[in-house]
Structures are given as structure tokens and as C-alpha cells.
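Okay, here's what each chain looks like letter by letter:
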Amino acid sequence: MVPLTEDYLTIDYIGEKEYPVILVTSGRLGSINHTLLSLEAIARRNINLYMIAYNLYPETQDQIISNDTRQFITHYLHKHFPGALFIEIPVIG
């Protein structure tokens, strides 16, 4: 939803060009809300969601939130975007 001009957003450009979207999210507090709002905007504009990339970096201190977030997002993805992939971006190092 980042503005490119006063009346034209990045998501408008993506939709116009028919680019598939890779949405990156994480397992931090608030990520479910951020992810669902992004998915609603994608669906509303009939944009193809190619993948959700679940970023595990930096490692979270609260594994319960991280695991619950992963579980919720994957369930939501399978229900509402069955053709989209889900991958995890590991912590390297």
C-alpha cells in the first residue's frame, strides 16, 4: 500500500502489471493482523498470491507466538489461497 504518487499505490502497480506476489511475514506479535490485512488487499484487487515466506529471522524469544502465528497463517492460506505456497526462511548462522 506504499504510495507511488498521491493517487497511485504500489499495489495498484502490481495489479496493473499482473505480477504475482510473494508476501513476507514473521512470527512476531501483530504479524497475524499485518498478514491478514495484506491478504485482504491482495484478494480485493484480484492479485495472484504466489507465496507466503515466513521469516524466522531474527529468532523470537516467544516460541508460542511464533508457532501459533505459523499455524494460523498456514490454515488461513490453505482455506483462502489454496494455490499459494508457504515456505520458511531459516535463521542462518
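Refer to the structure presented above.
Residues numbered from 1 in each chain as written. Predicted model: local features only at pLDDT ≥ 70, side-chain atom pairs only at ≥ 80, totals over all residues. Heavy atoms only, no water.

Q: Got a sec to walk through helix α3 (residues 63-80)? Specific residues and values, please.
A: Taking 1.5 Å per residue, 18 residues should reach 26 Å; α3 reaches 25 Å between its end C-alpha atoms and fits that length. Of all the positions in α3, only S66, T69, R70, I73, T74, Y76 and L77 are classed as buried. For α3, the angular spread of buried residues about the axis comes to 165°, placing them on one side. Facing away from the buried surface of α3 by more than 90 degrees, the exposed residues are I64, Q71, H75, H78 and K79. Taking the backbone nitrogen of I64 as reference, a side-chain oxygen 3.1 Å away marks D62 as the first, capping residue of α3. (Helix = DSSP H or I, 4+ residues; strand = E, 2+ residues; numbered from the N terminus. Expected span 1.5 Å × (residues − 1). Buried < 20%, exposed > 50% of the residue type's maximum accessible area, 1.4 Å probe, protein only. Arc of directions from axis to C-beta. Polar contact = N/O pair within 3.5 Å; in protein donor to acceptor, adjacent residues only side chain to side chain.)

Q: So what's going on with the packing of helix α2 (residues 31-44) against α3? Which residues, and what values?
A: Helix-helix packing: each pair is described by the crossing angle between the helix axes and the interaxial distance. With their axes 10 Å apart at the nearest point, α2 and α3 run at an angle of 15° to one another. Put simply, α2 runs roughly parallel to α3. Note on packing geometry: the crossing formed by α2 with α3 is right-handed. Residue-level contacts link S31, I32, T35, L36, L39 and E40 of α2 to T69, F72, I73 and Y76 of α3. Across the contact of α2 with α3, the residue classes tally to 6 nonpolar, 3 polar and 1 charged. (Axes fitted to C-alpha atoms, helices over the stretch in contact; angles between N-to-C directions. Parallel < 35°, antiparallel > 145°, perpendicular 65-115°, else oblique. Left-handed = near helix turned anticlockwise from the far one by under 90°. Contact = heavy atoms within 4.5 Å. Nonpolar A, V, L, I, M, F, W, Y, C, P; charged D, E, K, R; others polar.)

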